[in-house]
Amino acid sequence: MELLALVGIAIFLLILGVPVAFAFGSSGLFVGSYLMLFGDNPYVLTFLPNRLEGIFSNATLISIPLFILMGMILERSGIAERLINSIAKLFGSLGGGAAIGVILVGVLLAASTGIVGATVVMMGVIAVPTMLKAGYNKSLVSGVVAASGTLGQIIPPSIILIILADVLHVSVRDLFSAAILPSAILVGLYILFVLGVVIFAPKFAPASPDHSKRLRALALEALKMAIPPIVLIMLVLGSILTGLVEPTQAAAIGVVGALLLAFLNGRLDIDLLKHTGKETIIFCGMVFMILIGANCFTLVFNALGGDVVVLEFFSQYLNSPFYFMLVAMLVIFILGFLIDFFEICYIALPILAGIAMHYQIDMLWFALLVAINLQTSFLTPPFGFSIFFLKSAVGDTIKIGEIYKGVIPFIILQILVLGVVFLFPQLTLTSDDWAKILEFIF
């Protein structure tokens, strides 16, 4: 009865429009207080302070504010904007070149900023008008920009990968390493799709002759803008993957590097520091409020035996690791339509993780599948967050139906990658696997 009340109160508060953090947190506090005063578990909420202390002393989670601050600095300093403009101009003289340029920019921004919403909006404001002016099909433009913007979900050093590593108790370094191959495959498929459009429907992605006569100058400009972010990415990501430093130290290096780039571009001032600091505090405050509310909910949920109920359900009706994984991926995919990945990671995943461990599933593989799945749901109509970020950026220039139509091919490609990783777990490469591969090559 109490378990139904716990879930029912949370759903009721969500329907009323209460933010997820407060809905689940309040549900846990209400039912937990009832258990302490009138039930048979007078100590259920006394464990909450210890849980929260563990959260705020977690060295891995400290890297999240630092990576967010690094991304904010790169965005607000204009570095990302100039990068988009220069690469889009360089590739614009080729058929489908502007679209490929946007994909490559999405990779660089994902590996340097990792802020999906800001990346989609920025590319929507800057790249979309350029591509439409060149005569690109609106649906293709929408799909390319939205899909490229979501690469920040899966390409290291992604915030979601750090959170998944913490929640599922896997190494951040290994999860970053495991994400490299699926990310590369996904980006390759994006580019192949654009090339296919150029071959079979050239009118959808025409070349822009405006810049062909000054190709060398554009190449130098693009190279000049791309080298600093690439160097920063190599410093941050390379130091993690090689094991030289932990993610928190690497994030600190990233912040210092972003500040240096802002200084070299003449954009480092008090206003930049105030704005990026404020945005980082707001964003991190939201993340940690969700974390606190989710911990309160899951503490009471597990105390009431909710984890046992879920495990018994899977054991009775889906007594197979394969079927469990199918259902788990479907649940995460559907939840991705409705709530942000923070809520999914902190509320739904701890429950599913317990069942995955019961079935002795490789948690690194499980974490990688969840990351790819969340990226796909972030893009999927009708509630995909990237779709609405893009729509807010382009306004009435592109209709929502055209955006829906444009993202479908990229969703299919992402589901294809998800299916490949699901069927071939051996593609989940750890940092040691990459070290062996590089040693063999060199």
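The structure displayed is predicted, hence computed values, not measured ones.

How each quantity is defined
Residues numbered from 1 in each chain as written. Predicted model: local features only at pLDDT ≥ 70, side-chain atom pairs only at ≥ 80, totals over all residues. Heavy atoms only, no water. Helix = DSSP H or I, 4+ residues; strand = E, 2+ residues; numbered from the N terminus. Disulfide = S-S within 2.5 Å. Buried < 20%, exposed > 50% of the residue type's maximum accessible area, 1.4 Å probe, protein only. Expected span 1.5 Å × (residues − 1). Axes fitted to C-alpha atoms, helices over the stretch in contact; angles between N-to-C directions. Parallel < 35°, antiparallel > 145°, perpendicular 65-115°, else oblique. Contact = heavy atoms within 4.5 Å. Nonpolar A, V, L, I, M, F, W, Y, C, P; charged D, E, K, R; others polar. Core = buried A, V, L, I, M, F, W, Y, C linked by side-chain atoms within 4.5 Å. Left-handed = near helix turned anticlockwise from the far one by under 90°. Phe/Tyr/Trp six-rings, centres within 6.5 Å; stacked < 30°, edge-to-face > 60°.

## Re the environment of Ile 199
No. 1: For Ile 199, the location among the structural elements is in helix H10 (residues 172–200).
No. 2: Spatially, the C-alpha atoms of Ile 199 and Ser 431 are 38 Å apart, while their sequence positions differ by 232 residues.

## Section: the state of the cysteines
No. 1: Going through the model one piece at a time under the given rule, you end up with zero disulfides.
No. 2: No disulfide involves Cys 284; its sulfur sits 15 Å from that of Cys 345, the nearest cysteine.
No. 3: Taking the relative accessible area as the measure of exposure, Cys 284 reaches 9% and is therefore buried.
No. 4: Left without a disulfide partner, Cys 296 is nearest to the cysteine sulfur of Cys 345, which lies 19 Å away.
No. 5: You can call Cys 296 buried: its relative accessible area is 3%.

## Here's the deal with helix H12 (residues 247–264)
No. 1: Taking 1.5 Å as the rise per residue, H12 with 18 residues should run 26 Å; its terminal C-alpha atoms sit 25 Å apart, in good agreement.
No. 2: Every buried residue of H12 is listed here: Pro 247, Thr 248, Ala 250, Ala 251, Gly 254, Val 255, Gly 257, Ala 258, Leu 261 and Ala 262.
No. 3: Looking one or two places after H12, you find Gly 266, whose phi comes out positive at around 70°.

## Some remarks on the packing of helix H15 (residues 321–338) against helix H16 (residues 341–358)
No. 1: At their nearest, the axes of H15 and H16 sit 11 Å apart, and the two run at 175° to each other. On the basis of their axis angle, the class for H15 and H16 is roughly antiparallel. Contacts from Phe 324, Ala 328, Ile 332, Leu 335 and Gly 336 in H15 reach Ile 344, Ala 348, Leu 349, Leu 352, Ile 355 and Ala 356 in H16.
No. 2: Among the residues making up the contact of H15 with H16, the classes are represented as ten nonpolar, one polar and no charged.

## Considering the nonpolar core
No. 1: Membership of the largest hydrophobic core comes to 149 residues, with the highest contact counts inside it found for Ile 163, Leu 164, Phe 324, Met 325, Tyr 346 and Phe 366.
No. 2: For Leu 164, the residues in contact, after removing those within four places along its chain, are His 169, Leu 175, Cys 345, Leu 349, Ala 367, Val 370 and Ala 371.

## Notes on the packing of helix H3 (residues 48–56) against helix H13 (residues 270–303)
No. 1: Interhelical geometry of H3 versus H13 gives an angle of 140° and a closest axis separation of 10 Å. In this view, H3 runs oblique relative to H13, as classed from their interaxial angle. For the pair H3 and H13, the sense of crossing is right-handed. In this structure, H3 uses Leu 48, Arg 51, Leu 52, Ile 55 and Phe 56 to contact H13, whose residues at the interface are Phe 288, Leu 291, Ile 292, Asn 295, Cys 296, Thr 298, Leu 299 and Asn 302.
No. 2: Residues of the contact of H3 with H13, tallied by class, amount to nine nonpolar, three polar and one charged.

## With respect to unusual backbone geometry
No. 1: In this chain, Pro 156 is followed by Pro 157 through a cis amide linkage whose omega measures 0°.
No. 2: Relative to the assigned elements, Pro 157 resides in the loop between helix H8 (138–149) and helix H9 (159–167).
No. 3: The phi dihedral of His 169 falls on the positive side, at around 60°, and the residue is not glycine.
No. 4: Relative to the helices and strands, His 169 resides in the loop between H9 and H10.
No. 5: Residue classification places His 169 among the exposed positions, given a relative accessible area of 69%.
No. 6: Residue Gln 360 is not a glycine yet carries a positive backbone phi of 60°.
No. 7: Taking relative accessible area as the criterion, Gln 360 reaches 73% and is therefore assigned exposed.

## Some points on the packing of aromatic side chains
Aromatic ring pairs: the centre-centre distance and the angle between the two ring planes describe each pair.
No. 1: The full count for this structure, using the stated rule, is eleven aromatic pairs.
No. 2: When the ring of Tyr 190 is compared with that of Phe 410, the centres are 5.1 Å apart and the planes differ by 80°; the resulting orientation is edge-to-face. With Tyr 190 in helix H10 and Phe 410 in helix H19 (residues 400–423), this pair connects stretches of sequence that are 220 residues apart. Take Tyr 190 and Phe 410: they sit in the same class, and that class is buried.
No. 3: Look at Phe 193 and Phe 410: their rings are 5.2 Å apart centre to centre, the planes differ by 75°, and that puts the pair in the edge-to-face class. Placement of the pair is Phe 193 in helix H10 and Phe 410 in helix H19, with a sequence separation of 217 residues.
No. 4: You can call Phe 193 partly exposed: its relative accessible area is 25%.
No. 5: Residue classification places Phe 410 among the buried residues on the basis of a relative accessible area of 0%.

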